[in-house]
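Architecture at a glance
Each chain, written out:
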Amino acid sequence: MNTPAPSPPGTTLSPVLNPPGTALTVPSCAADLPFARSLTLGKVKLHIIESGLLWLDGGPMFGIVPKALWERRIPSDTGNRIPLAMRALLVETPDELVLIETGLGNKESERFRKIYGVDNAPPENLPGADRLQAGLHALGFSPDDVTVVVDTHLHFDHAGGNTFLDAEGRLQLSFPRARYFVQKGEWEYAHDTNERTSASYLPHNYDPVMNAGQFNLLAGAGAVVPGVEVFLTPGHTPFHQSVLVGTADARACYMGDVVPTMTHLPLPWIMGYDVEPLRTLESKRLLLERAVAERWLLISTHDAVVPWGFAEKHGRDVTVAEVDGVTEIRAPFTSGPEDG
Ligand SMILES: [Zn+2]
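Residues numbered from 1 in each chain as written. Predicted model: local features only at pLDDT ≥ 70, side-chain atom pairs only at ≥ 80, totals over all residues.

Description of the overall build of the protein chain
What counts, and what does not: For the purposes of this entry, the term helix denotes a DSSP run of H or I that reaches at least four residues, the term strand denotes a run of E that reaches at least two, and both are numbered from the N terminus. The atom set for the radius of gyration is the C-alpha atoms, and the globule formula is 2.2 Å times the number of residues raised to the power 0.38. With C-beta atoms placed from the backbone, a residue is buried if 20 or more other C-beta atoms are within 10 Å of its own, exposed if 12 or fewer are, and partly exposed between those counts.
In terms of regular secondary structure, the protein chain is built from eight helices and 17 strands. The globule rule puts the C-alpha radius of gyration for 340 residues at 20 Å, and the 19 Å found for the protein chain is close to it. When its C-alpha atoms are laid out on the principal axes, the protein chain stretches across 55 × 45 × 45 Å. The 340 residues of the protein chain split such that 47% are buried.

What follows is the structure in structure tokens.
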């Protein structure tokens, strides 16, 4: 293109993401990411687990935002694809071990994994059917220890690790002792798909959980267990939910797909995948207003570079500030990239 495309109205550049003195590096494979990172926030311990990478076309990831703008934030590969994390949040409360989102799992075909550039195989030196389960082990837990699983919605890259195929090829619940939670409206939406939505909803990710009597359907906002509550952030799907952790004086928000990467913090940067983008706009507006007023720790599902940061306002922009006191698990857990 010879002339730069105009910015969509209201677009402002920059979330200022680079912590001073650090260069941000875009990962080329899952093993480039720290395996897990941990932080204490008030009375809860938070761990983010990098359950793998996906490579998706940058066009639909940024909706109406021209490539001339988004590629300054996230460079794409020769196939126009950008790397996306699939980040789960593990929360230790006094009584529960809560897992928010489960990544993509290990049930999909090689063809599927190639199309989406899935890179989530576990490192060889850890137990676990996928990188999420291995991450739990790296943190000193096992899948049996998880008591609560919360899905923001049921798309395959968020709820795919709810179940897994064991070494004999049998489908099992990944967290056999857990109660799983999702919005009732999302459950119904996932079972009433159309030509545009069906590719994202794969029943083997959630029907076996319901058949085992372990799926709990929520009707709107509220506490799931003490210290973990959900609120509705519709738009990506009509009953998408985000998750708040902690107490009023120290709160973290796992945003899910309402703000999939920190590059999506500007209000009009909304994914083309969203079924109701104007509702996403209002969900984001409300979420970010509260986040700034209460200085939430914002946690991104898909940002491959900046996993979390405290919400701050700079002029009209919401940005995230660097987080101190983070411990990382990196070496010796390594694995090679897959075909993605
Ligand atoms: Zn989604």
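Here we look at the sheet that holds strand S4 (residues 97–100)
Inclusion rule: Here, any two strands with at least 2 DSSP bridges between them count as paired. Angles here are taken between N-to-C directions and fall from 0 to 180 degrees, while the axes themselves are lines fitted to C-alpha atoms, restricted in helices to the stretch in contact.
Spatially, eight strands are ordered S9-S8-S5-S4-S3-S2-S1-S17 in an open sheet, and the strand pairing comes out mixed. The strands lining the two open edges of the sheet, one partner per strand, are strand S9 (215–218) and strand S17 (327–329). Between one strand and the next, the sheet's axes are offset by a mean angle of 25°, whatever the strand orientation. Across three bridges, S4 lies against strand S5 (residues 148–150) in parallel orientation. Following the sheet pairing, Val98 is matched in S5 by Val148.

Description of the pairing of strand S3 (residues 81–92)
In terms of burial, S3 is a largely internal element, 10 of the 12 residues being buried. As defined by bridge partners, S3 adjoins S4 across four bridges and the pair is classed as antiparallel. Its bridge partner being in S4, Val91 is matched across the sheet by Val98. Taking the residues between adjacent antiparallel strands as the criterion, S3 and S4 are bridged by four residues.

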